[in-house]
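Each chain is listed here by its residues.
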Amino acid sequence: TLLPTIIRHGRGLSWFSFVAGGLICLITGLSYSKLNSLYPSNDAEYSWIMNVLNFDKERDPKKTHPGVKFLANLIIWIVVVIGLLTAATVMVGQADIIREYVNISKPLIVAVMLTLPSIVTMLGNKYATSLNQTIMILVTLTFALLFGNGMISGTNSAENDYNIKNLDFTNLLKSSFITIFAFNGFQSIVQLSEEAEKKNDVPKSIVSSVSFATLVYVLITISVISLIGLNSAAGSVSPIGSAFGVNLGSNGKNVVNALTIAALTNTILIITMSRSRLLQKLAVRGIAPKYLEKITSIQKFLGLEKFTNNNNVSNENNRDKEKTIPINAIITLSVITFLLT
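Residues numbered from 1 in each chain as written. Predicted model: local features only at pLDDT ≥ 70, side-chain atom pairs only at ≥ 80, totals over all residues. Heavy atoms only, no water.

Draft legend 1. Examining the overall build of the protein chain more closely. When helices and strands are counted, the protein chain shows 15 helices and zero strands. In terms of overall dimensions, the protein chain has a C-alpha envelope of 65 × 55 × 40 Å along the principal axes. Of the contacts made within the protein chain by residues no fewer than 6 positions apart, 76% connect residues no fewer than 24 positions apart. Surface accessibility of the protein chain: about 17,900 Å² in total, with carbon and sulfur atoms responsible for 63%. Charge-centre separation for the protein chain: the mean point of 28 positive side chains lies 3 Å from the mean point of 19 negative side chains. (Helix = DSSP H or I, 4+ residues; strand = E, 2+ residues; numbered from the N terminus. Contact = heavy atoms within 4.5 Å. Areas by Shrake-Rupley, 256 points an atom, 1.4 Å probe, with all protein chains shown as cover. Lys, Arg positive; Asp, Glu negative; His and termini not counted. Charge placed at Lys NZ, Arg CZ, Asp CG, Glu CD.)

Draft legend 2. Region of interest: the confidence of the model for the protein chain. Across the protein chain, the average pLDDT comes to 86, with 92% of residues at or above 70. Put simply, helix α14 (residues 315-318) is where the protein chain has its lowest mean pLDDT, 45, and helix α15 (residues 327-340) is where it has its highest, 94. (pLDDT = per-residue confidence, 0-100.)

Draft legend 3. Main features of the nonpolar core. The biggest cluster of nonpolar side chains holds 41 residues, and the ones touching the most others in it are Phe-143, Leu-146, Ile-220, Val-224 and Ile-240. Sort the elements by how many residues they give to this core and helix α9 (residues 201-228) lands first, with twelve residues. Other than its neighbours up to four places away in sequence, Ile-240 contacts Leu-3, Phe-143, Leu-146, Ile-220, Val-224 and Val-256. With 18 residues, the next largest nonpolar core counts Val-79, Leu-84, Leu-282 and Ala-329 among its residues. (Core = buried A, V, L, I, M, F, W, Y, C linked by side-chain atoms within 4.5 Å. Buried < 20%, exposed > 50% of the residue type's maximum accessible area, 1.4 Å probe, protein only.)

Draft legend 4. Structural context of empty space enclosed by the protein. With the rule as written, the count across this model stands at one cavity of 30 Å³ or more. Here the largest cavity is characterised by a volume of approximately 80 Å³. Contributing to the lining of the largest cavity are Gly-83, Leu-84, Ala-87, Leu-114, Ile-268, Ile-271, Thr-272, Arg-275, Leu-333, Ser-334 and Thr-337. For the lining of the largest cavity, the secondary structure elements donating two or more residues are α5 (66-98), α12 (251-285) and α15. Here the element with the most residues in the lining of the largest cavity is α12; it accounts for four residues. (1 Å grid on protein atoms, 1.4 Å probe; cavity = no way out; pocket = protein on both sides within 12 Å on 5 of 7 lines; lining within 4 Å. Points joined across faces, edges and corners; volume = space filled by probe spheres on them.)

Draft legend 5. Just the pattern of salt bridges, in detail. Within the structure shown, the criterion is met by four salt bridges. Between Lys-106 and Asp-96 there is a salt bridge; the shortest N-O distance is 2.8 Å. Of the two residues, Lys-106 is situated in helix α6 (residues 106-123) and Asp-96 in helix α5; the sequence distance between them amounts to ten residues. A salt bridge links Glu-100 to Lys-253; the shortest N-O distance between them is 3.4 Å. Note that Glu-100 is positioned in the loop between α5 and α6 and Lys-253 in helix α12, a separation of 153 residues in sequence. In this structure Glu-100 comes out as partly exposed when scored by relative accessible area, which is 45%. (Salt bridge = Lys/Arg side-chain N within 4 Å of Asp/Glu carboxyl O.)

Draft legend 6. Up close: the environment of Ile-104. In this fold, Ile-104 is placed in the loop between α5 and α6. Exposure remark for Ile-104: the relative accessible area of 34% places this residue in the partly exposed category.

Draft legend 7. Spatial organisation of the packing of α9 against helix α11 (residues 239-248). The N-to-C vectors of α9 and α11 enclose an angle of 55 degrees; their axes lie 9 Å apart at closest approach. Considering their axes alone, α9 and α11 lie oblique with respect to each other. Classified by chirality, the crossing of α11 by α9 is left-handed. Together, Ile-220, Val-224, Leu-227 and Ile-228 of α9 and Pro-239, Ile-240, Ser-242, Ala-243 and Val-246 of α11 make up the contact between the two elements. The residue makeup of the contact of α9 with α11, split by class, is eight nonpolar, one polar and no charged. (Axes fitted to C-alpha atoms, helices over the stretch in contact; angles between N-to-C directions. Parallel < 35°, antiparallel > 145°, perpendicular 65-115°, else oblique. Left-handed = near helix turned anticlockwise from the far one by under 90°. Nonpolar A, V, L, I, M, F, W, Y, C, P; charged D, E, K, R; others polar.)

Draft legend 8. Structural detail: the packing of aromatic side chains. Applying the stated criterion to the full structure yields five aromatic pairs. Look at Phe-18 and Tyr-217: their rings are 5.2 Å apart centre to centre, the planes differ by 35 degrees, and that puts the pair in the tilted class. Note that Phe-18 is positioned in helix α2 (residues 14-38) and Tyr-217 in helix α9, a separation of 199 residues in sequence. Among the residues examined, Phe-18 registers a relative accessible area of 4% and is labelled buried. (Phe/Tyr/Trp six-rings, centres within 6.5 Å; stacked < 30°, edge-to-face > 60°.)

Draft legend 9. View of the side chain of Thr-272. Considering the arrangement of structural elements, one finds Thr-272 in helix α12. A relative accessible area of 7% means that Thr-272 is categorised as buried. With sequence-adjacent residues up to four places away left out, Thr-272 is seen in contact with Ser-118, Thr-121, Ile-330 and Leu-333.

In structure tokens form, the structure reads like this:
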């Protein structure tokens, strides 16, 4: 969706706009990583503000400056609201695409597509992570296919410019500013800090995800321009669909729609995982409703735990069945997201 506008400003050096945007996000990511290493908490921004800016703490550990507390509350609830609005927007967009193929009401599609990642998240991190990895592998392989097609069938490869000296600074500012939106999401990793196995897992994840995303976006941009040319890419509603269409014809749009549905499902999965942990932590802090504080297992939540015999299961294999899932928070997020749509 963003690509036509980015190419309109960046032209042959549009790939560098993603490099610039990626570097800006990497600086933010390194800041998140540093703060996370100091205060590894699921309520990330709230803990950082309360600890870093609370100068009264040095004189009296129990005292918090009212201004600092207000700022921490304001910022963390902005994070929660952004997550809810993002999820609702994603669900509406996903439903619109699905309705191109099936004649089902939009609310029903939203309900079904919202329930799936919510249930997976309630089953445990092992299942949510497996679904996340599967979707991302498929999406990445499809983009690799696009890049391969660009290298082989790209008749407009010369329209890509690799000479940095030709950069127009004003256009670079416009295009790279837009690319930053495409990187959004890496910061949500900090809301899984307390469940990371090692302290440096979260910083490594942030840096590697931003770096990998930058590489993928650069290759996609080069491929699209190579396959359909600068003017077509800048004027197309779906330049990636048009690029796939060079070899797949009308099915190019179907490939992109399938990719979009899969990627948006993954987005909802990550938002549900991260924001539910955040809400649970805020309840522990006393700034969210008390019932959100509860963590449990899906087995106990459904009343099935008494039928489970774990005598022959090792502690290592049984780790994921422990009562660590904020199911109340997950359900609450899903209901609010549905209402917002």
